[in-house]
Amino acid sequence: MRICIVAEGCYPYVVGGVSSWINSMINVFPKVEFVVLAIIADRSQSGRFQYELPENVSAVYEAYLDDYDWNAEKRRRKVRLTREQYRAMRSVILNYRVEWPVLFDLFQQDISIDDLLMGEDFLRIVEEVYDRQYPQIAFSDFLWTMRSIYLPLFLIMNTDIPEADLYHCVATGYAGVLGSMAKYRYNCGLLISEHGIYTREREEEILKANWVGGVYKNIWIEQFRKMSMLAYEYADMVTSLYGHARELQIELGCLPEKTVITPNGIRVENFADLPGKLPEDEGFINIGAVLRVTPIKDVKTMIRAFSYAKRTVPNLKLWIMGPCDEDPEYAQECFDLVEILELQDVVFTGRINVKEYLGRMDFTILTSISEGQPLTILESYAAGLPTIATSVGNCRELIYGEEGDTCGKAGILTHIMNVQELADAMISLAQSDELRREMGQNGYQRAHRYFRIEQMQQKYREIYQSFTQESLE
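Let me sum up the structure you'll find in this document. Fair warning: this is a prediction, and the values are worked out from it, not measured in the lab.

Structural notes on the overall build of the protein
If you tally the helices and strands in the protein, you get 17 helices and 13 strands. Computed over its C-alpha atoms, the radius of gyration of the protein comes to 24 Å, within 12% of the 23 Å expected for a compact globule of 473 residues. Once the C-alpha set of the protein is aligned to its principal axes, its extents read approximately 75 × 55 × 45 Å. A total of 473 residues make up the protein; the buried ones form 55% of that total. Looking at the protein alone, contacts between residues at least 24 apart form 73% of all its contacts between residues at least 6 apart. When the accessible surface of the protein is split by element, carbon and sulfur atoms take 47% of a total near 20,800 Å². In the protein, 48 side chains carry a positive charge and 68 a negative one; their mean positions are 3 Å apart.

Digging into the pairing of strand S12 (residues 387-390)
By the alternation rule, side chains of S12 split into Thr387 and Ala389 and Ile388 and Thr390, which are all buried. Direction of pairing for strand S11 (residues 363-366) relative to S12: parallel, over a ladder of three bridges. When the sheet's bridge partners are listed, Leu366 is paired in S12 with Ala389. One crossover worth recording links S11 to the parallel S12 by way of helix H13 (residues 375-382), and it is right-handed.

Side note on the nonpolar core
One finds Ile93, Phe107, Tyr150, Phe154 and Met157 to be the most contacted residues of the largest nonpolar core, which totals 80 residues. A total of eleven residues in this core trace back to one element, the largest contributor, which is helix H6 (residues 139-157). Beyond its immediate sequence surroundings of up to four residues, Met157 is in contact with Trp100, Leu103, Phe104, Phe107, Gln108, Val177 and Met181. Membership of the second largest hydrophobic core comes to 60 residues, among which are Tyr11, Val36, Ala389 and Met456.

Quick word on empty space enclosed by the protein
Enumeration according to the criterion identifies one cavity of 30 Å³ or more in this entry. In this structure, the largest cavity encloses a volume near 60 Å³. In terms of lining residues, the largest cavity is bounded by Gly288, Val290, Leu358, Thr364, Ile365, Leu366, Thr376, Ile377, Ser380 and Thr387. Mapped by element, the contributors of at least two residues to the lining of the largest cavity are strand S8 (285-290), S11 and H13.

Let's talk about the packing of aromatic side chains
Across all of its chains, the model carries 23 aromatic pairs by this definition. Look at Phe122 and Tyr150: their rings are 6.3 Å apart centre to centre, the planes differ by 70°, and that puts the pair in the edge-to-face class. Note that Phe122 is positioned in helix H5 (residues 120-133) and Tyr150 in helix H6, a separation of 28 residues in sequence. Assigned by exposure class, Phe122 and Tyr150 land together as buried. Connected via pairs of aromatic rings, a cluster forms that spans Trp21, Phe29, Phe34, Tyr460 and Tyr464.

Some words on the pairing of strand S6 (residues 237-240)
Where burial is concerned, the two faces of S6 agree: the one with Met237 and Thr239 and the one with Val238 and Ser240 are both buried. In this structure, strand S5 (residues 189-194) lies alongside S6, joined through four bridges in parallel fashion. In the strand pairing of S6, Ser193 is matched with Thr239. Here S6 pairs with strand S7 (residues 259-261) via three bridges, running parallel. Bridge pairing in S7 links Thr239 to Val260. With helix H10 (residues 243-251) bridging S6 and the parallel S7, this β-α-β connection has right-handed handedness.

Focus: the sheet that holds strand S1 (residues 2-8)
The strand order across the open sheet formed by seven strands is S3-S2-S1-S4-S5-S6-S7, and the pairing between neighbours is parallel. The sheet is open, and its two borders are formed by strand S3 (57-64) and S7, each paired with just one other strand. In this sheet, neighbouring strand axes are inclined to one another by 20° on average, regardless of whether the strands run parallel or antiparallel. As paired elements, S1 and strand S4 (residues 166-169) share four bridges and run parallel to each other. Across the sheet, residue Ile5 finds its bridge partner in S4, namely His168. Strands in contact with helix H17 (residues 453-465) are S1, strand S2 (33-40), S4, S5, S6 and S7; relative to S5, the strand with the most contacts, it is inclined by about 155°.

Some details on the pattern of salt bridges
Inspection of every chain in the model, using the stated rule, returns 26 salt bridges. As a salt-bridge pair, Arg2 and Glu33 come within 3.1 Å of each other at their nearest N and O atoms. On the criterion of sequence distance, the pair formed by Arg2 in strand S1 and Glu33 in strand S2 is long-range, its members being 31 residues apart. Residue classification places Glu33 among the partly exposed residues on the basis of a relative accessible area of 31%. The residue Glu201 makes a salt bridge to Arg202 at a minimum N-O spacing of 3.7 Å. Arg202 matches Glu201 in its accessibility class, with the two residues each being buried. Each of Arg80, Glu120, Asp121 and Arg124 takes part in salt bridges that share partners, so that together they form one network.

Rules of the game
- Residues numbered from 1 in each chain as written.
- Predicted model: local features only at pLDDT ≥ 70, side-chain atom pairs only at ≥ 80, totals over all residues.
- Heavy atoms only, no water.
- Helix = DSSP H or I, 4+ residues; strand = E, 2+ residues; numbered from the N terminus.
- Rg over C-alpha atoms; globule rule 2.2 N^0.38 Å.
- Buried < 20%, exposed > 50% of the residue type's maximum accessible area, 1.4 Å probe, protein only.
- Contact = heavy atoms within 4.5 Å.
- Areas by Shrake-Rupley, 256 points an atom, 1.4 Å probe, with all protein chains shown as cover.
- Lys, Arg positive; Asp, Glu negative; His and termini not counted.
- Charge placed at Lys NZ, Arg CZ, Asp CG, Glu CD.
- Pairing = 2+ DSSP bridges.
- Right-handed = clockwise from strand over helix to strand, strands pointing away.
- Core = buried A, V, L, I, M, F, W, Y, C linked by side-chain atoms within 4.5 Å.
- 1 Å grid on protein atoms, 1.4 Å probe; cavity = no way out; pocket = protein on both sides within 12 Å on 5 of 7 lines; lining within 4 Å.
- Points joined across faces, edges and corners; volume = space filled by probe spheres on them.
- Phe/Tyr/Trp six-rings, centres within 6.5 Å; stacked < 30°, edge-to-face > 60°.
- Axes fitted to C-alpha atoms, helices over the stretch in contact; angles between N-to-C directions.
- Salt bridge = Lys/Arg side-chain N within 4 Å of Asp/Glu carboxyl O.

What follows is the structure, encoded as structure tokens:
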């Protein structure tokens with residue numbers, strides 16, 4: 001069996017989170033051949049892997065969201081759309097019932113995306129959209145915005161897709177488009193796994209973004225929504241990490257009978273005998289934040305909350321553990337904030353092996369404004385540490401437990417971007433050894449009962465097996 005993992009903006013170029021999950025999944029099926037179809041921004045990122053690829057990964061293919069007509073010697077042909085192709089192009093831009101098969105066939109030809117976007121057919125369709133819905137704004141701005149919106153979609157549909165027996169897309173969005181095209185082209189299986197709900201995450205990002213304003217926010221949001229609907233329509237099965245995420249998938253248009261809940265899993269035993277505190281830790285209450293220093297993790301709010309908590313508990317020390325190079329501008333703003341607040345005892349470690357540091361921590365913290373089911377919380381529990389987390393994704397259930405879970409409270413939940421609640425939570429855990437021990441033990445029991453890698457492995461073995469007659473052993 002050959003499985004193609006389709007991933008956007010993560011594995012094998014970015015560490016942590018979904019990338020760690022993909023790497024773990026590939027490793028637990030050593031007898032299965034995997035190929036990776038990775039969606040990245042442009043060719044400047046090509047080949048910059050952050051993971052040593054497992055032996056059962058036979059190839060990595062790339063798709064680009066921003067590109068140009070690469071081969072100057074072999075000029076891609078210009079295209080004048082047929083009546084059927086024009087109707088299909090019109091359907092996707094006007095948000096009618098999209099005629100995806102016609103578009104798949106069109107973009108799998110050797111055509112120039114630049115010439116198509118600059119051509120008469122695209123212009124006529126955009127003019128129709130403009131006259132119907134947006135005559136109050138400047139047409140030139142609208143036209144160039146529409147070109148920027150459809151460039152990545154058209155480039156993705158123009159991608160050469162490797163053949164496989166099953167396509168496992170680790171999101172909807174552009175990955176779901178590629179997976180849907182593969183199913184149409186090869187009549188293969190299509191599995192979609194959402195760690196967060198792609199449509200909702202992109203909607204949150206667009207609403208907060210400064211680079212897009214006015215009616216253009218709605219146009220971008222609708223673009224992501226239609227891609228997710230395509231993935232839900234073509235998928236044979238759609239997984240989510242927890243119950244509420246499944247409810248959102250159904251709300252967004254996925255058929256209930258396609259949906260399956262597949263919780264994350266970790267190797268709990270790997271966190272059993274971690275190195276403990278060092279002499280330099282004596283006297284400190286160490287708070288560990290395992291994350292990428294990016295806006296979605298809201299590190300600035302964490303730093304502000306820490307500055308307030310440290311006034312009450314002076315021996316607090318904050319360890320921000322993870323890469324700072326994904327968004328250098330935001331990372332610099334975090335460094336500057338520490339200086340402006342004249343904070344002591346804030347350490348940015350950069351990329352690390354979390355197991356070398358986690359045993360030194362007293363508790364962990366996650367201040368994200370969006371999450372799925374964070375592996376960092378499960379790793380914290382496996383190490384016997386309680387956690388502070390914002391009420392996003394599955395964090396509430398991880399801390400309090402799902403229905404029927406009797407393990408007990410394993411941390412403190414706060415609202416997003418709430419400095420005071422986060423500071424109070426830090427103070428509460430810092431001031432009570434007994435509370436930390438009790439919550440840490442509860443978390444350990446929860447991870448051991450419900451989130452072991454063996455449970456996740458068995459679930460996906462059953463799912464993969466449902467797509468093939470071959471043995472996966």
